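The lines below spell out each chain.
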Amino acid sequence: QLQLVESGGGLVQPGGSLRLSCAASGFTLADYRIAWFRQAPGKEREGVSCISRSGRVTNYADSVKGRFTISRDNAKNTVFLQMNSLKPEDTAVYYCAADWTVSTMCVLSRRIEYDYWGQGTQVTVSS
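Since the model is a prediction, treat every value here as computed from it, not as a measurement. (Residues numbered from 1 in each chain as written. Predicted model: local features only at pLDDT ≥ 70, side-chain atom pairs only at ≥ 80, totals over all residues. Heavy atoms only, no water.)

Novice: Just checking my understanding: could you explain unusual backbone geometry for this structure?
Specialist: Trans peptide bonds make up most of the peptide bonds, and negative phi angles are found at most residues other than glycine. In this structure, Asn77 is a non-glycine residue whose phi angle is positive, near 60°. For Asn77, the position within the fold is in the loop between strand S7 (68–73) and strand S8 (78–83). The phi dihedral of Ser85 is positive, around 50°, even though this residue is not glycine. Classification of Ser85 by relative accessible area gives partly exposed; the value is 40%. (Helix = DSSP H or I, 4+ residues; strand = E, 2+ residues; numbered from the N terminus. Buried < 20%, exposed > 50% of the residue type's maximum accessible area, 1.4 Å probe, protein only.)

Next comes the structure, spelled out in structure tokens:
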């Protein structure tokens, strides 16, 4: 079965850290650029970060720059989102999405139609 399996969410105190993982099953993640999205109750889904096929190009939403780091290990077929200095406003369901492409770039854009989505993992930042 072709899917993305997410893990790593949970409850953390403000200022704490979490590392989210997104593992591909049934396809080779190296052929895809990956994006992380999040959605909080009552808000539209927000692009958080993206990473190119090789991992050489990354982009971040202004709200997470300097705090979040996206990375990938194509040998392990996995993408990560390291989240540091977490704030209560980071509370959301986080999703990863994979877009098959020959592009060497990544862009945070709602116009991109992703081929695969993870099930989402809850991140709650609260003291």
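Novice: When you look at the state of the cysteines in this model, what are you seeing that I'm missing?
Specialist: When the sulfur atoms of two cysteines share a covalent bond, that bond is a disulfide. By the definition in use, this model includes two disulfides. In this model, Cys22 is linked to Cys96 through a disulfide, with the two sulfur atoms separated by 1.9 Å. Where Cys22 bonds to Cys96 through sulfur, the torsion about that S-S bond is close to 65°, and the disulfide is right-handed. Placement of the pair is Cys22 in strand S3 (residues 18–25) and Cys96 in strand S9 (residues 92–100), with a sequence separation of 74 residues. Neither Cys22 nor Cys96 differs from the other in exposure class; each is buried. (Disulfide = S-S within 2.5 Å.)

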